[in-house]
Amino acid sequence: SETAAEYPLHFLTPHHKEWTHSQFSNLEAIAAREYVPEIEIHPEAAKERGIGDGDKVVVRSKRGQLTAAAKLNDRLRLDVVQMYEGSWSKYGGG
């Protein structure tokens, strides 16, 4: 389809084991952590796109965009990127 050609990667937003959506972000132990939003991508998919580990990338869809650091993950499928849900806007997520 035209949409699949324009947006070839599936964007997954699974729950992180240490977060319940954005709850508890106000707790000192969690708030004290340095958080950098990361988007995980398979190393081969990243290489095809000229993306290296830690590179700042922009992820776009018809509904919007976000900026995050690339994190290479060879356990993902080549057609998938993933970012854990629940980060607050003040950390660059949403």
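You'll find the structure just up there.
Description of the structure in this document. (Residues numbered from 1 in each chain as written. Predicted model: local features only at pLDDT ≥ 70, side-chain atom pairs only at ≥ 80, totals over all residues. Heavy atoms only, no water.)

## Structural notes on the layout of surface pockets
- In this structure, the largest pocket occupies an estimated 490 Å³ of space.
- Every residue lining the largest pocket is counted, 20 residues in all, and those nearest its centre are Leu-9, Val-58, Val-59, Arg-60 and Val-81.
- Elements represented by at least two residues in the lining of the largest pocket include exactly β2 (38-41), β3 (56-61) and β4 (64-72).
- Take the lining of the largest pocket: its biggest share by element is five residues, from β3. (1 Å grid on protein atoms, 1.4 Å probe; cavity = no way out; pocket = protein on both sides within 12 Å on 5 of 7 lines; lining within 4 Å. Points joined across faces, edges and corners; volume = space filled by probe spheres on them. Helix = DSSP H or I, 4+ residues; strand = E, 2+ residues; numbered from the N terminus.)

## Looking at the environment of Ile-41
- Take Ile-41: it is sitting in strand β2.
- Of the residues examined, Ile-41 reaches a relative accessible area of 5% and is grouped as buried.
- When the C-alpha positions of Ile-41 and Leu-72 are compared, they lie 5.2 Å apart, and in sequence the two are 31 residues distant. (Buried < 20%, exposed > 50% of the residue type's maximum accessible area, 1.4 Å probe, protein only.)

## Here's the deal with the nonpolar core
- With nine residues, the main nonpolar core is built from Ile-39, Ile-41, Ala-45, Ala-46, Val-57, Ala-68, Ala-70, Val-81 and Met-83.
- Looking at this core, the elements with two or more residues in it are β2, α3 (43-48) and β4.
- Once residues within four sequence positions are removed from consideration, Ala-68 is found in contact with Pro-37, Glu-38, Ile-39, Asp-55, Lys-56, Val-57 and Met-83. (Core = buried A, V, L, I, M, F, W, Y, C linked by side-chain atoms within 4.5 Å. Contact = heavy atoms within 4.5 Å.)

## Comments concerning the sheet that holds β2
- Read across the sheet, five strands follow the order β1-β5-β2-β4-β3 without closing on themselves; strand pairing throughout is mixed. The open sheet has two free edges, formed respectively by β1 (10-12) and β3, since each of these has just one partner strand. On average, each strand axis in the sheet is tilted by 40° relative to the strand beside it, whichever way the strands run.
- Examined bridge by bridge, β1 and strand β5 (residues 80-82) share three bridges and lie parallel to one another. Across the sheet, residue Phe-11 finds its bridge partner in β5, namely Val-81. (Pairing = 2+ DSSP bridges. Axes fitted to C-alpha atoms, helices over the stretch in contact; angles between N-to-C directions.)

## A closer look at the side chain of Gln-82
- Checked against the element boundaries, Gln-82 lands in strand β5.
- On the basis of relative accessibility, which here comes to 10%, the residue Gln-82 falls in the buried class.
- Excluding anything up to four places from it in sequence, Gln-82 contacts Leu-12, Pro-14, Glu-38, Ile-39, Glu-40 and Leu-76.

## Quick look at the pattern of salt bridges
- Across all of its chains, the model carries three salt bridges by this definition.
- The partner of Glu-38 in a salt bridge is Lys-71, and the shortest N-O contact between them spans 3.9 Å. Here Glu-38, found in strand β2, pairs with Lys-71, found in strand β4; they are 33 residues apart in sequence, far enough to count as distant.
- The exposure class assigned to Glu-38 is partly exposed, which follows from its relative accessible area of 36%. (Salt bridge = Lys/Arg side-chain N within 4 Å of Asp/Glu carboxyl O.)

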